[in-house]
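# Chains, contacts and geometry: an overview
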Amino acid sequence: MATTLNLPVNILTPTTPTIFEFPENPKTLILQKCKTIKDLNQVRAHLVKTGRHHHPKITENLLESAAILLPSTSMDYALSIFDKVENPDAAAYNVIIRAFTINQSPQKALIFFKQMVENAVPFNEFTFPSILKACSKLRGRKEGKQIHAHIVKCGFGSNAHVLNTLIHMYANCGEIEIARKVFDGMSVRDIFSWNSLFSGYTKAGCYGEVVKLFSDMKELGVVFNDITLISVLAACGRLAYVELGDWIAEYIRINGFNSNMNLVTALVDMYAKCGEVDKARSFFDQMDAKDVVAWSAMISGYTQARRCNEALDLFNEMQMANLEPSEATMVSVLSCCATLGTLEMGKWVHLYIKKKKMKLTVTLGTALIDFYAKCGLIDTAVEVFRTMPVKNVYSWTAIIQGLANNGRGKSALEFYQLMREGNVEPNGVTFIGVLSACSHVGLVDEGRKVFKSMSEEFGIEPRMEHYGGMVDILGRDGLIEEAYQFVKKMPIQPNAVIWRILLASCRAHKNVEIAEMAVEHLVSLEPMHSGDYILLSKIYALVGRFDDAMRTRSQIKEKGIKRTPGCSLIELEGKMYEFLAEENADKLEVYRATEDMIERIKSAGYVPNTADARLDAEEDDKETAVSHHSEKLAIAFGILKTPPGTTIRILKNLRVCTDCHNAAKLISKVYNREVIVRDRNRFHHFKDGSCSCNDYW
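Computed from a predicted model, the values in this text were never measured in an experiment. (Residues numbered from 1 in each chain as written. Predicted model: local features only at pLDDT ≥ 70, side-chain atom pairs only at ≥ 80, totals over all residues. Heavy atoms only, no water.)

## Brief notes about the overall build of the protein chain
A tally of regular secondary structure across the protein chain gives 36 helices and eight strands. The C-alpha radius of gyration of the protein chain comes to 34 Å, more than 25% above the 26 Å expected for a compact globule of 697 residues. When its C-alpha atoms are laid out on the principal axes, the protein chain stretches across 110 × 55 × 55 Å. Looking at the protein chain as a whole, 50% of its 697 residues qualify as buried. Sequence-distant contacts, at least 24 apart, represent 62% of the contacts inside the protein chain between residues at least 6 apart. Accessible surface, the protein chain as shown: approximately 33,700 Å² in total, 51% of it carbon and sulfur. Here the protein chain contributes 82 positive and 82 negative side-chain charges, whose respective centroids are spaced 5 Å apart. (Helix = DSSP H or I, 4+ residues; strand = E, 2+ residues; numbered from the N terminus. Rg over C-alpha atoms; globule rule 2.2 N^0.38 Å. Buried < 20%, exposed > 50% of the residue type's maximum accessible area, 1.4 Å probe, protein only. Contact = heavy atoms within 4.5 Å. Areas by Shrake-Rupley, 256 points an atom, 1.4 Å probe, with all protein chains shown as cover. Lys, Arg positive; Asp, Glu negative; His and termini not counted. Charge placed at Lys NZ, Arg CZ, Asp CG, Glu CD.)

## As for helix 28 (residues 480-488)
Each α-helix turn comprises 3.6 residues. Residues three or four places apart therefore point the same way. Residues of helix 28 that are buried: I480, A483, Y484 and V487. Projection of helix 28 onto a plane perpendicular to its axis shows the buried side chains occupying an angular sector of 100 degrees, all on one side. (Arc of directions from axis to C-beta.)

## So, the sheet that holds strand 5 (residues 648-652)
Read across the open sheet, the six strands follow the order 4-3-5-6-7-8; overall the sheet is mixed. Either end of the sheet is taken by a strand with one partner, and the two such strands are strand 4 (575-580) and strand 8 (690-691). Bridge analysis of strand 7 (residues 683-687) against strand 8 gives two bridges, and the strand direction is antiparallel. Along strand 8, the bridge assignment pairs K687 with S690. Strands in contact with helix 36 (residues 658-670) are strand 6 (675-678), strand 7 and strand 8; relative to strand 7, the strand with the most contacts, it is inclined by about 40 degrees. (Pairing = 2+ DSSP bridges. Axes fitted to C-alpha atoms, helices over the stretch in contact; angles between N-to-C directions.)

## Focus: empty space enclosed by the protein
The final tally for this structure, using the stated rule, is two cavities of 30 Å³ or more. A volume near 40 Å³ is recorded for the largest cavity. Around the largest cavity, the lining residues are E631, K632, I635, V656, C660, A664, V677 and F686. Of all the elements in the fold, those that place two or more residues in the lining of the largest cavity are helix 35 (630-641) and helix 36. Considering each element in turn, the lining of the largest cavity owes the most residues, three residues, to helix 35. (1 Å grid on protein atoms, 1.4 Å probe; cavity = no way out; pocket = protein on both sides within 12 Å on 5 of 7 lines; lining within 4 Å. Points joined across faces, edges and corners; volume = space filled by probe spheres on them.)

## Thoughts on the nonpolar core
Burial of nonpolar side chains together is a common tendency in soluble globular proteins. Within the largest apolar cluster, 181 residues are counted, with the highest numbers of intra-cluster contacts made by F128, I131, I147 and I399. Apart from residues lying up to four places away in sequence, I147 is in contact with L110, F113, F128, I131, L132 and C135. Formed by 33 residues, the second largest nonpolar core is a distinct cluster that contains V590, A634, I639 and I667. (Core = buried A, V, L, I, M, F, W, Y, C linked by side-chain atoms within 4.5 Å.)

## Things to note about helix 35
The end-to-end C-alpha separation of helix 35 is 16 Å, in line with the 16 Å expected for 12 residues at 1.5 Å each. Within helix 35, 10 of the 12 residues are buried, which leaves it mostly tucked inside the rest of the structure. Within the span of helix 35, buried status applies to S630, E631, K632, L633, A634, I635, A636, F637, G638 and I639. (Expected span 1.5 Å × (residues − 1).)

## Notes on the packing of helix 27 (residues 464-476) against helix 28
Between helix 27 and helix 28, the shortest axis-to-axis distance is 8 Å and the interhelical angle comes to 160 degrees. The orientation of helix 27 with respect to helix 28, classified from their angle, is roughly antiparallel. Where helix 27 crosses over helix 28, the two elements pack in a sense that is right-handed. Residues Y467, M470, V471, L474 and G475 of helix 27 form the contact with helix 28, whose own contacting residues are I480, E482, A483, F486 and V487. (Parallel < 35°, antiparallel > 145°, perpendicular 65-115°, else oblique. Left-handed = near helix turned anticlockwise from the far one by under 90°.)

## Focus: the confidence of the model for the protein chain
A residue-level look at the protein chain finds 94% of positions with pLDDT of 70 or above and a mean pLDDT of 89. The weakest mean pLDDT in the protein chain belongs to strand 1 (residues 3-4) at 36; the strongest belongs to helix 28 at 97. Low pLDDT (under 50) marks residues 1-20, which in the prediction has 29 contacts with non-local residues, meaning those over four places away or in another chain. (pLDDT = per-residue confidence, 0-100.)

## Some words on the state of the cysteines
Scanning the entire structure with this criterion turns up zero disulfides. Here C567 stays free of any disulfide, with the sulfur of C660 as its closest cysteine sulfur at 13 Å. Among the residues examined, C567 registers a relative accessible area of 13% and is labelled buried. C691 provides the cysteine sulfur closest to C693, a residue in no disulfide bond, and the two sulfurs are 3.5 Å apart. Classification of C693 by relative accessible area gives buried; the value is 2%. (Disulfide = S-S within 2.5 Å.)

## Description of the packing of aromatic side chains
Tallying each qualifying case throughout the model produces 31 aromatic pairs. With 5.1 Å between their ring centres and 55 degrees between their planes, F123 and F128 make a pair best called tilted. Both residues of the pair, F123 and F128, belong to the buried class. Consider the rings of F385 and F415, whose centres lie 5.6 Å apart with planes at 75 degrees: the pair is edge-to-face. In this pair, F385 sits in helix 22 (residues 378-387) while F415 sits in helix 24 (residues 409-421), placing the two residues 30 residues apart along the sequence. Aromatic ring contacts, followed pair by pair, group F214, F224, W247, Y251 and F257 into a single cluster. Here the guanidinium or amino end of K290 rests over the ring plane of F284, the centre of that ring lying 5.0 Å away. Across from the ring centre of Y671, 4.3 Å away, lies the NZ or CZ of R600, which sits over that ring. (Phe/Tyr/Trp six-rings, centres within 6.5 Å; stacked < 30°, edge-to-face > 60°. Lys NZ or Arg CZ within 6 Å of the ring centre and 35° of its normal.)

## Section: the environment of K575
Mapped onto the secondary structure, K575 falls in strand 4. Along the chain, K575 and G459 lie 116 residues apart, while their C-alpha atoms are 46 Å from each other.

## Examining the pairing of strand 5
Counting buried positions along strand 5 gives four out of five residues, so the element sits mostly inside the fold. Of the strand pairs in this sheet, strand 3 (residues 567-572) and strand 5 are connected by three bridges, and their pairing is antiparallel. The residue of strand 5 that forms the bridge with S568 is K652. As defined by bridge partners, strand 5 adjoins strand 6 across four bridges and the pair is classed as parallel. By the bridge assignment, L651 is partnered in strand 6 with R678. Read as a crossover between parallel neighbours, the route from strand 5 over helix 36 to strand 6 is right-handed. (Right-handed = clockwise from strand over helix to strand, strands pointing away.)

## Remarks on unusual backbone geometry
Not every positive phi belongs to a glycine, and N87 is a case in point at roughly 50 degrees. With respect to the secondary-structure elements, N87 resides in the loop between helix 4 (76-83) and helix 5 (90-102). With relative accessibility at 74%, the residue N87 sits in the exposed group. Positive phi, normally seen in glycine, also occurs at D688, with a value near 50 degrees. One can find D688 in the loop between strand 7 and strand 8.

## A few points about the pairing of strand 6
A two-sided burial pattern is seen for strand 6, the buried positions comprising V675 and V677 on one face and I676 and R678 on the other. Relative to strand 7, strand 6 is paired through four bridges, and the arrangement is antiparallel. Paired with I676 across the bridge in strand 7 is H685. Between strand 6 and strand 7, which pair antiparallel one after the other, the connecting turn spans four residues.

Set out below in structure tokens:
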């Protein structure tokens, strides 16, 4: 029977309906009607007055409202209620443990569980799922194993809900094999058991096991759901199992699950990761509603497929749809900006990150470092690195590689030393950057030691890139014969890149004999690569063997080898401008500016190197042809369209030729401009008449 209260009409705040009768069971009142602590406090005062606050179920309701349901910034009020409970039972402890776990305080949840054990409070079936979730958040495998012992001891070893949470905890703590043992030991498994293991395998990166488990599930006739399929699609994407992905796509279509946004987003992500970007886009376009995860998956797909312009176009569409990008979106966009050299867009992204106060995580910080380094702003990259609160091996590797590629070999080696002092173990990619740094500063002995330390100290077997780094170190220092012998003794078959590095060294040191042998190997590996013939012809010309130089160049025409046209890009005010060598008929203004620029640097000592002219150019036209190389046109355009003193940044698809390199040095001096050219191999920072590569590239 309800108890009548002689209370004023406004006993509760305006947010709570007026109560004339206090219910016998106040659960609904406490959990649904109380919207503020003031509301709850007044209800609690009445319960104390009537002596009903000692009832365990009412206590549990009060705690749940205070600790979980009410919008509060702290647990203080809930704890004040708990502290006044005489001999709190498992239900009371469970609420506090669950609340601390939900509120990202798993350590405090464990403290309360320990208190529960010390006070010999009997556990119930709801105690263990909450505390296991706390262990999962803490990655506390030791504590998780101790709680597992309590589960067995207290007779909950057959409770499906407890065991499902146990599987999830072990998987999240990296103990996937123990998680599988728990799963295999279950007499009865529901869909949550299977999905817990699927989730665990996915988080552990055991994608092959995900696919195998799904096969077992189908064979046993266990009904799966959308959560299962999302895990399996993630595995298909990682393993490039398009066939299974296609089967799931058809299953989704037949069963009418196309409206499940999470499932279709997983399909988009799977196809994108498998390189089926157009198929991913087809599913993406069919989605009625797209969240940030779907947009990010599609943008990431374009990024991974190196279709960066499409990725940035889609990002612009996302902005127009008024969706806030996530960290994953920003990482993909920065990667595209780094690839394309779109500095202004990347700067906007960085500004957006600051404006939105996005946390500078390891992933986001590393993406920023890579972007700035690949756009030639290496000092800004270093600044980002220094401001990162947490760094891992990828962050260190990005800054080391960035410094090395921008001609700061000494600084790269200093950062490598700091990395070692910080007990961060390098990986294989780190050593590519370190070897490149040794090459840039001419540290041959140091390079040999670093190369040797890979296998002896870190157990990393050198890959092709590392052998290429050593060949570059030896070749750059003029040790051409040693470099050649090093290549011949490689335990793996040298590829075209290795021989091409050796050939470039021969050009720098005019070694015709080894250059000829290098080209022989290159012709057998990549017979239709025009650059190798051109480089050999230049070596012949350098030593005065002009007939051999012409014969070698003639072979390009005789064999029908197509030359890759030179292409240079420059970004101005957020727009990319493209220049092709002698194929810019609509850019007469640029040609005039280029001619003026050539005349000015000629007065400073520039002499055109006509050996770098195109093969089919007439002798009288060779000087004009070489002056119309794409990077010269782009630089002239930059000078024409930007204020004096502005840095000019060029992106070139091929290696910079000797003539353009010499011209750029003089341009930087005559016009008092820094000119940064990112070619196929490395960065060239031209300033005051010199280049960061020290005239070796």
